[in-house]
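Tertiary structure, described
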Amino acid sequence: GGQREEEDVPPSLDTVLAGELLRDVIRAKASPEALLEWMGTRGVEAAVGEGPRGSVKVLMRALLAAGSKSPTHLNVALERYATSLRELLSRAGLYGQMIAVELAAQFYAALPQKVLMVLDRLLALGLIGAEAVSIWAFETAIPATLSEQASASSAWEVLNYSLERAAARLPEAEEKISKALGDLDLVHSKVRTLQERANNLASQLRAYAQARRQEQDGGGGARDVEGVPLDELAVDPRSRSLLAKHNDAAHRVNVQAPKANALTAALAQHQALREAAAPSRDAAFMAAYKSFLQLVAAEEERAAAHPMRTEAEEHDANDRADEIHRARLDHLYAQLRAFVRKYLPETAAIAPQLAQELRGLTLPPRASEVLQEVLKCEL
């Protein structure tokens, strides 16, 4: 007796399976392949009944629990099983990514900074994109704040963090490319210098050996040393010293090769990230604007369902509901204006595409006014 009713509600099946996965696989530090095999053997998708989305729920819950002790535990868990989660997310699509974000937000509902920490790792590992976060924010988190069911600041903080990350990817990639090119140029310069030194020492050794042979033959037709291996020419202290210096320079050239290969691989990776950065950023902001405007339109419809009453009825309950809806709308439009101002460069980058997308929609007049200031065209 005395217990709250909700405490008697049994845990969901995906929660139970997540606990078993944590116990049997993750804490045993099994491989990513073994994790997916466990999920297949247990029939997780069929049991939860949501296809790949159900599997994402189970694995994400287990990883969040595994990482709850500290940021280090979280990093280790996500990095170890990133390939497993990525495979499930690729099958679950954009909605699967939204589930991952929602579960992180639920798990750390009282600790917004922890939500950002999880989000940071998921974004950094390429497991989710800012596009999914944008849709999740406007479809789930922010509408809840309008009904005062959640903290508005944390919902907007998650959204802004993901969008800022998306916007920063291009300059970050450019900076990394510039550094990699500079580092690669230094390695190549060092290799050229060392190679020239090795070639010069080889020439000195051959010239010295040729002179020695001619001297020994009394200036006659001594055999040419050009094709003779260098180590066969090192027969006295002077020639052995030249050979040792040559071999040192040649060894140092070989040492630089792995460095050059690693930098070349890193450069290719940074260039690939640069290629993906702008489309990824634009998709995130397109999703944010479309979801934002859908939310505004829905609120306009709700407000229209509560028409203004006469002065004699101003204290009626319907009037209070009307005031609440209009206050929510005013709040949303203020947020929309602030959003446009905050992300002006990113909005300008997608202006033609956004205008094209919005022309077929019936936008609320106030929303059209806000966007026309930026898009510089009629909607």
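I will try to describe carefully the structure that is included in this document. Predicted, not measured: the structure shown is a model, and the values here were computed from it.

Brief notes about unusual backbone geometry
Here Lys29, not a glycine, exhibits a phi torsion of approximately 55°, which is positive. For Lys29, a relative accessible area of 59% corresponds to the exposed category.

Points about the packing of helix H4 (residues 52-66) against helix H6 (residues 82-107)
Running from amino to carboxyl end, H4 crosses H6 at an angle of 50°, the nearest separation of the two axes being 8 Å. The orientation of H4 relative to H6 falls into the category oblique. In the packing of H4 onto H6, the handedness of the crossing is right-handed. Classifying every residue of the contact of H4 with H6 by side-chain character gives 17 nonpolar, three polar and four charged.

Remarks on the side chain of Thr347
Within the secondary structure layout, Thr347 lies in helix H13 (residues 344-349). For Thr347, a relative accessible area of 0% puts it in the buried group. A polar contact is formed between the side chain of Thr347 and the side chain of Tyr289, at a distance of 2.6 Å.

A closer look at the packing of aromatic side chains
What the rule picks out here adds up to eight aromatic pairs. On the numbers, 5.8 Å between centres and 85° between planes, the contact of Phe138 with Trp156 is edge-to-face. Pair noted here: Phe138 is in helix H8 (residues 130-146) and Trp156 is in helix H9 (residues 152-216), with a separation of 18 residues, a long-range link. Plain terms: the ring middles of Phe285 and Tyr343 are 5.0 Å apart, the flat faces sit at 65° to each other, and that makes the pair edge-to-face. Placement of the pair is Phe285 in helix H11 (residues 237-304) and Tyr343 in the loop between helix H12 (317-342) and H13, with a sequence separation of 58 residues. As far as the burial class goes, Phe285 and Tyr343 line up, both buried. These aromatic residues form a ring-pair network of at least three members: Phe138, Trp156, Phe285, Tyr289, Phe292, Phe339 and Tyr343.

Considering the nonpolar core
Among the nonpolar cores identified, the biggest contains 86 residues, and Leu21, Ile26, Trp136, Leu336 and Phe339 are the most heavily contacted of them. Here this core gets twelve residues from one element, more than from any other, and that element is H6. With residues up to four places along the chain from it excluded, the contact list for Leu21 reads Ile26, Leu35, Trp38, Val58, Leu59 and Ala62. The next biggest cluster of nonpolar side chains, apart from the first, holds eleven residues, and it includes Leu201, Val228, Ala234 and Leu243.

Structural notes on the packing of helix H1 (residues 13-26) against H4
Relative orientation of the contacting elements H1 and H4 amounts to 60°, with a least axis distance of 8 Å. As far as their axial angle goes, H4 and H1 are oblique. Relative to H4, the crossing made by H1 is right-handed. Contacts between H1 and H4 involve Asp14, Thr15, Leu17, Ala18, Leu21, Leu22 and Ile26 on the former and, on the latter, Lys57, Val58, Leu59, Arg61, Ala62, Leu63, Ala65 and Ala66. Classifying every residue of the contact of H1 with H4 by side-chain character gives eleven nonpolar, one polar and three charged.

Looking at the pattern of salt bridges
When charged atoms on two side chains of opposite charge get close, those side chains can pair. Taken as a whole and assessed by the stated rule, the structure comprises 16 salt bridges. Linking Arg61 and Asp14 is a salt bridge whose minimum nitrogen-to-oxygen distance equals 2.5 Å. Of the two residues, Arg61 sits in helix H4 while Asp14 sits in helix H1, which places them 47 residues apart along the sequence. Here Arg61 falls in the partly exposed class, since its relative accessible area comes to 25%. For Asp14, a relative accessible area of 8% translates into the label buried. The salt bridge partner of Glu164 is Lys342, with a shortest N-O separation of 3.1 Å. In this pair, Glu164 is assigned in helix H9 and Lys342 in helix H12, connecting sequence segments 178 residues apart. A relative accessible area of 36% means that Glu164 is categorised as partly exposed.

Points about H1
End to end, H1 covers 18 Å across 14 residues, agreeing with the expected 20 Å (1.5 Å per residue, within 8%). Every buried residue belonging to H1 is among Asp14, Leu17, Ala18, Glu20, Leu21, Leu22, Val25 and Ile26, and all of these are buried.

Side note on H4
Along its 15 residues, H4 runs 21 Å from first to last C-alpha, staying within 8% of the 21 Å computed at 1.5 Å per residue. Here H4 lies mainly inside the structure; eleven of its 15 residues are buried. Taken residue by residue, H4 has Pro52, Gly54, Ser55, Val56, Val58, Leu59, Met60, Ala62, Leu63, Leu64 and Ala66 as its buried positions. Along its buried surface, H4 packs onto H1, helix H2 (32-41), helix H3 (44-48), helix H5 (71-80), H6 and helix H7 (112-124).

Quick look at the environment of Gln195
Relative to the helices and strands, Gln195 is located in helix H9. Counting along the chain gives 57 residues from Gln195 to Arg252, while the straight-line C-alpha distance between them is 9.0 Å.

Thoughts on the environment of Val44
Summarising the element assignment, Val44 is placed in helix H3. By relative accessible area, which is 1% here, Val44 ends up buried. Each C-alpha atom of the pair Val44 and Val58 lies 8.0 Å from the other, and the pair is 14 residues apart in sequence. Here Val44 is in contact with Leu17, Trp38, Met39, Gly49, Gly54, Ser55 and Val58, once residues within four sequence places are set aside.

Reading the values: the criteria
Each chain has its residues counted from 1, following the order in which its sequence is written. Local features in a predicted model are, by the rule used here, given only for residues with pLDDT of at least 70; side-chain atom pairs are given and counted only at 80 or more, and totals for whole chains, interfaces and linings are based on all residues. Derived side-chain values reflect all non-hydrogen atoms in the structure, with water molecules and hydrogen atoms excluded from consideration. A 1.4 Å probe rolled over the protein chains alone gives each residue an accessible area, and that area as a share of the maximum for its type sets the label: buried under 20%, exposed over 50%, partly exposed in between. To define axes, lines are fitted to C-alpha atoms, for helices over the stretch in contact only, and angles between the resulting N-to-C directions are given on a 0 to 180 degree scale. Secondary structure is summarised from DSSP: a helix means a run of H or I of at least four residues, a strand means a run of E of at least two, and numbering begins at the N terminus for each. By definition in this entry, angles of less than 35 degrees are roughly parallel, angles greater than 145 are roughly antiparallel, angles of 65 to 115 are roughly perpendicular, and the rest are oblique. Crossings are classed by handedness, with left-handed meaning an anticlockwise turn of the near helix from the far one by less than a right angle and right-handed meaning a clockwise turn. Under the scheme applied, nonpolar residues are Ala, Val, Leu, Ile, Met, Phe, Trp, Tyr, Cys and Pro; charged residues are Asp, Glu, Lys and Arg; polar residues are all the others, including Gly. We define a polar contact as two N or O atoms separated by no more than 3.5 Å, with the added condition that, inside protein, one atom must be a possible hydrogen donor and the other a possible acceptor, whereas residues neighbouring each other in sequence contribute only through side-chain atom pairs. When two rings of Phe, Tyr or Trp (its six-membered ring) have centres within 6.5 Å they constitute a pair, described as stacked for plane angles under 30 degrees, edge-to-face for angles over 60, and tilted for the intermediate range. Put simply, a nonpolar core is a bunch of buried Ala, Val, Leu, Ile, Met, Phe, Trp, Tyr and Cys residues held in one set by side-chain atoms that sit within 4.5 Å of each other. Note on contacts: a residue pair is in contact if any heavy atoms of the two residues lie within 4.5 Å. A side-chain nitrogen of Lys or Arg and a carboxyl oxygen of Asp or Glu constitute a salt bridge if their distance falls within 4 Å. What a helix should span is 1.5 Å times the count of its residues minus one.

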